[in-house]
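Chain and residue survey
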Amino acid sequence: MASSHSSSPVPQGSSSDVFFKKEVDPTKHIRPVQSLPDVCPKEPTVTDQHRWTVYHSKVNLPAALNDPRLAKRESDFFTKTWGLDFVDTEVIPSFYLPQISKEHFTVYQQEISQREKIHERCKNICPPKDTFDRTLLHTHDKSRTDLEQVPKIFMKPDFALDDSLTFNSVLPWSHFNTAGGKGNRDAASSKLLQEKLSHYLDIVEVNIAHQISLRSEAFFHAMTSQHELQDYLKKTSQAVKMLRDKIAQIDKVMCEGSLHILRLALTRNNCVKVYNKLKLMATVHQTQPTVQVLLSTSEFVGALDLIATTQEVLQQELQGIHSFRHLGSQLCELEKLIDKMMIAEFSTYSHSDLNRPLEDDCQILEEERLVSLVFGLLKQRKLNFLEIYSEEMIITAKNIIKQCVINKVSQIEEIDTDIVMKLADQMRMLNFPQWFDLLKDIFSKFTIFLQRVKATLNIIHSVVLSVLDKNRRTRELEEISQQKNVTKDNSLDTEVAYLIHEGMFISDAFNESELTPIAIDTTSQRNASPNSEPCSSDSVSEPECTTDSSSSKEQTSSSATPGGVDIMVNEDMKLTDLELEKLANNIQELLYSASDICHDRAVKFLMSRAKDGFLEKLNSTEFITLSRLMETFILDTEQICGRKSMSLLGALQSQANKFVNRFHEERKTKLSLLLDNERWKQADVPAEFQDLVDSISGGKIALPEKKSGATEERKPAEVLIVEGQQYAVVGTVLLLIRIILEYCQCVDNIPSVTTDMLTRLSDLLKYFNSRSCQLVLGAGALQVVGLKTITTKNLALSSRCLQLIVHYIPVIRAHFEARLQPKQYSMLRHFDHITKDYHDHIAEISAKLVAIMDSLFDKLLSKYEVKAPVPSACFRNICKQMAKMHEAIFDLLPEEQTQMLFLRINASYKLHLKKQLSHLNVINDGGPQNGLVTADVAFYTGNLQALKGLKDLDLNMSEIWEQKR
């Protein structure tokens, strides 16, 4: 039994080949062989009626349907709650469930058949446990009956006679009580108790012997297995001992020396690291003295770089060093101190740069110092330094004006500074040439000031742009490196897959791949610099040389400012592109602000001088000179700063408006006085006025230059010749033409007042038209000047003056149109209205002349009688008046206008004559009366055509006779 192959714990021989074959083939899923059945069944235990069993379960559907406690199974379990309206229908098979047939289990049967054969074989070797239990069922029941005779107390796991209750239960004291003559009965009870306990002992021993007999085979099998296991362990121990001896020999011969060498190399590397660390600590220890030296020479950027490098070394390589525990906080305090020093230094630089003499040719003061300061401020993110520069610009602009006024006032001897204490009052005592020179000096100083500010801000702007460009290039390089890393990772994944497939050690392969480029770089460096000297002769020299460079991870790039100063851009300037772009825009805005400051100060200077109405009292020449100076300054500042400032331009416009108002009021008043004193007689035309008109003949309006000498020899002319036509004019019109030219010239000199001038000139022309109409047609001159009557000559002269103005209105319109913006062309309609008004006025004058003769005809012809002598006195009187009329207007009006006027007068004459003949009943019948009338008409016709310029006039006198019906 001990040598039975079925009981051996180590399978051997052919009987166990099946097990090994199934374990070797991993492709087939075979269940492990069942273990041998337990030959000794477990002892039966008493079941507790209150213990939970599977029959208590109601959590699933089968338990609810198969409840054994129900007398009858419920057939309507699902439908009893459905109601009366439910209709039972046939369930249609689902389309999604396939029809299962035996063919679907074919594959499963083929796979399980092999397992079934193995299972049957195992059953033959080891009979099932339940079958074996049935053979021993009878014996088990008998043993169970015997054991039930033994009291339960002996079966308790905590049975112990030490317990008084247990002892009293097993051995009652009543059996050992000897008092009261009951000795014989107690002895019998004691004997009975002893026999009872002996019986219990026999039952237990019999059951133990029975259990031992049942498990004897397993016991001997275990003992045999124990001996075999001890032999196997002994052999194993001997083999392990031999293996350890061999390993010890191999370790002694092959490993100890190599490991000792590795330990020494590791120790050497540790010593090198300690040495380099100590050297680095010595370098860091010298940081504060070095920073003090750099600050003494204003090397703020170098000091900040050194502090940043030291802090990085402290955080990365010297972290935890006890002696440097306070160095970090000290460096932070030192950095804050440097911030304050840089702010103060920049303020000092700004003051010295802006307040140095403006006569210096140097545009930028200490450019390298400025670049260093700006880089330091950018490195520390102190972006408010532009505010300091702005405040300094405002102070400097005030000082420039103040110094210029002091210098100018000190040169004027008439100003007593002891009496007039205030500088503004002293400045107001200057006359226009002196004040104009002062303003010109201020503008020139402001121009130089803005050029310096622009040069300084250009340097700052170039520094900011260089930092921005460096940030962008760094970001591009990072993106390129990330792309390379992604490519490298992909190649590494491919290599890993290859190495796994080949069965190599991946760590060894990676070490080889990392060492290869290092060796190549080292070889290339050595080949590139064969003549370079080593850092030191000591073996520690190479790590020493690399430690300092590795501790500082700053990379710099060199660029150049427009001034030619090389600058170093550090990577640790953690300014975003948005901040740098905003700062660059602020720099440009600061340049605009500088222009606005100069303009604002100039405006205040102008307003302080204009308090007493000084600027409003300037004549046209002076104001135009002042306007041109201010416009030149505005253009210069716009060219320097790139944007036009509006404050000075607004002040100029305001003064220009006041000048235009005064200019217009003066000329309008002058014209009013001229018209009020005008006697409406033909005036001689001085040569200068003829030259004035001749200068306009080309279509360009400009006042001619005064000629000294030649003008005095030329005599005045009787008429004004304009483009070949003669104009008889009054003196007021000559001056009006000059005033109009002054308006046009003012527009050329001050373009900003074009629209105002157009409106005022339109008002002036309208005023001349309306006022002349009141004086001549309205007979206002009778009261204003004292004329006795308004003659036809006055009327004709007034008409000719109006025609001269109408002649020049298109020229004036073209002049203004060339100087207006397209959106302002609508203002030119004023000239159209003025032209219409003038034409209406001229037509009214012509009608007035015709009305004068018409009233005369009515008066004379109403008394006409057809009788001898011929010509009659009426017709002689009419011809006389006609001759006077012709004499009055012929020299004033052109021949064409004279003919047209006399045609209208002749028409009026024929109308009145026809009316009188009709009243006298004189008809064209060839009778005596008809002959008399014909003779009078012939006399009238002859006299009228005899007048100068009326010879070819078609009078058509046949219209005086009524047509026969």
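Counting starts from 1 at the beginning of each chain's written sequence and moves along it residue by residue. Totals for whole chains, interfaces and linings use all residues, but because this is a predicted model, local features are given only for residues with pLDDT of at least 70 and pairs of side-chain atoms are given and counted only at 80 or more. Heavy atoms from the whole structure form the basis of all side-chain values; hydrogens and water molecules are not counted.

What the chain contains, in helices and strands, is 30 helices and four strands. A 1.4 Å probe rolled over the protein chains alone gives each residue an accessible area, and that area as a share of the maximum for its type sets the label: buried under 20%, exposed over 50%, partly exposed in between. In the chain, buried positions account for 33% of the 965 residues. Only the protein chains shown count as cover for residues, and all accessible areas are computed by the Shrake-Rupley method using a 1.4 Å probe. Per element, the accessible surface of the chain, about 61100 Å² overall, is 55% carbon and sulfur. Secondary structure elements are defined from DSSP: runs of H or I of at least 4 residues count as helices, runs of E of at least 2 residues count as strands, and each element is numbered from the N terminus.

This part covers the nonpolar core. Residues grouped as a nonpolar core are buried Ala, Val, Leu, Ile, Met, Phe, Trp, Tyr and Cys residues, joined through side-chain atoms within 4.5 Å. One finds Trp435, Ile805, Phe816 and Phe902 to be the most contacted residues of the largest nonpolar core, which totals 196 residues. A per-element tally of this core places helix H15 (residues 432-502) first, with 19 residues. Not counting residues within four places of it along the chain, the set of residues in contact with Trp435 comprises Met427, Leu430, Phe605, Leu606, Arg609, Phe614, Leu615 and Leu626. Contacts between residues were defined by any pair of non-hydrogen atoms, one from each residue, lying within 4.5 Å.

What counts as a ring pair is set by centres within 6.5 Å for rings of Phe, Tyr and Trp (its six-membered ring), and what kind of pair is set by the plane angle: stacked under 30 degrees, edge-to-face over 60, tilted for all other angles. Tallied over the entire structure, the rule returns 14 aromatic pairs. A ring pair is formed by Phe154 and Phe159, whose centres lie 5.4 Å apart and whose planes are at 45°; its orientation type is tilted. Classification of Phe154 by relative accessible area gives partly exposed; the value is 27%. Judged by centre distance (5.1 Å) and plane angle (65°), the rings of Tyr864 and Phe875 are edge-to-face. With a gap of eleven residues between them, Tyr864 in the loop between helix H27 (829-861) and helix H28 (873-889) and Phe875 in helix H28 connect regions that are remote in the sequence. Since its relative accessible area comes to 0%, Phe875 is described here as buried. Among the aromatic residues, ring-to-ring pairing joins Phe857, Tyr864, Phe875, Tyr909 and Tyr940 into one connected group.

Only residues above 30% relative accessible area that lack a salt bridge enter a patch, with like-charged residues linked at up to 9 Å and the nonpolar side chains Val, Leu, Ile, Met, Phe, Trp and Tyr linked at up to 5 Å. By definition here, a salt bridge exists when the distance from a side-chain nitrogen of Lys or Arg to a carboxyl oxygen of Asp or Glu is within 4 Å. Together, Ile100, Phe105 and Tyr108 make up a nonpolar patch on the protein surface, roughly 350 Å² of accessible area in all. Among the secondary structure elements, Tyr108 is positioned in helix H3 (residues 106-125).

This next bit is on the side chain of Lys445. Mapped onto the elements of the fold, Lys445 is located in helix H15. Ignoring anything within four residues of it in the chain, the contact list for Lys445 reads Leu358, Glu359, Ile400 and Cys404.

What follows covers the side chain of His841. As for its position among the elements, His841 is in helix H27. Overall, His841 belongs to the buried group, its relative accessible area being 2%. Residues within four places of His841 in sequence aside, it is in contact with Asn769, Ser772, Cys773, Leu777 and Leu802.

Right, let's get into the pattern of salt bridges. This model, assessed by the stated rule, comprises eleven salt bridges. The partner of Arg819 in a salt bridge is Asp748, with the nearest N and O atoms 2.3 Å apart. Highlighted residues: Arg819 in the loop between helix H26 (792-817) and H27 and Asp748 in helix H23 (residues 731-749), separated in sequence by 71 residues. The class for Arg819 is partly exposed, based on a relative accessible area of 35%. The exposure class of Asp748 is partly exposed, given its relative accessible area of 28%. Here Asp840 and Lys836 are joined by a salt bridge, their closest N and O atoms 3.3 Å apart. On the criterion of helical spacing, the pair formed by Asp840 and Lys836 is a turn pair, its members being four residues apart in helix H27. Beyond isolated ion pairs, a larger network of salt bridges with shared partners links Arg662, Glu666, Arg667 and Glu742.

Moving on, we get to unusual backbone geometry. In this structure, Trp680 takes a positive phi of about 55° despite not being glycine. Relative to the helices and strands, Trp680 is located in the loop between helix H20 (647-677) and helix H21 (687-696). Judged by relative accessible area, which is 2%, Trp680 ranks as buried. Of note, Ala779 is a non-glycine position whose phi angle comes to about 60°, a positive value.

The predictor reports its confidence for every residue as pLDDT, a score running from 0 up to 100. For the chain, per-residue confidence averages 76 on the pLDDT scale, and residues scoring 70 or more make up 75% of the total. When mean pLDDT is taken per element in the chain, H27 scores highest with 92 and helix H1 (residues 17-24) scores lowest with 38. Segment residues 1-47 is flagged for pLDDT under 50; beyond a separation of four residues in sequence, or across chains, it makes 43 contacts in the model. Scored below 50 in pLDDT, residues 496-569 makes 75 contacts in the model with residues more than four places away or belonging to other chains.

Right, let's get into empty space enclosed by the protein. Of the two site types, the cavity is a set of points on a 1 Å grid over the protein atoms alone where a 1.4 Å probe fits but cannot get out, and the pocket is an open set with protein on both sides within 12 Å along at least five of seven lines, each lined by residues with an atom within 4 Å of a point. Grid points are joined across faces, edges and corners, and a volume is the space filled by probe spheres set on the points. Under the criterion given, the structure shown has one cavity of 30 Å³ or more. Quantified by volume, the largest cavity comes out at close to 50 Å³. Lining the largest cavity we find Ile696, Ile701, Ile737, Ile740, Leu741, Tyr808 and Ile812. For the lining of the largest cavity, the elements supplying multiple residues, two or more each, are H23 and H26. Residue contributions to the lining of the largest cavity peak at three residues, all from H23. Gly falls in the polar group here, along with every residue not listed as nonpolar (Ala, Val, Leu, Ile, Met, Phe, Trp, Tyr, Cys, Pro) or charged (Asp, Glu, Lys, Arg). Of the residues contributing to the lining of the largest cavity, the split by class is seven nonpolar, no polar and no charged.

For any two helices packed against each other, one specifies the crossing angle of their axes together with the interaxial distance. The axes are straight lines fitted to the C-alpha atoms, using for helices just the contacting stretch, and the angles between their N-to-C directions are given from 0 to 180°. Interaxial distance between helix H11 (residues 327-354) and helix H13 (residues 385-411) falls to 10 Å at its minimum, and their mutual angle equals 30°. Of the possible angle classes, the one that applies to H11 and H13 is roughly parallel. The hand of the H11/H13 crossing is right-handed. Between H11, through Ile343, Phe346, Ser347, Ser350, His351, Asp353 and Leu354, and H13, the contact on the second element is made entirely by Phe385, Ile388, Tyr389, Glu392, Met393 and Thr396. Here the residues of the contact of H11 with H13 sort into seven nonpolar, four polar and two charged. Each angle gets one of four labels, with under 35 degrees taken as roughly parallel, over 145 as roughly antiparallel, 65 to 115 as roughly perpendicular, and the rest as oblique. Crossing handedness is read from the near helix: turned anticlockwise from the far helix by less than a right angle, it gives a left-handed crossing, and turned clockwise, a right-handed one.

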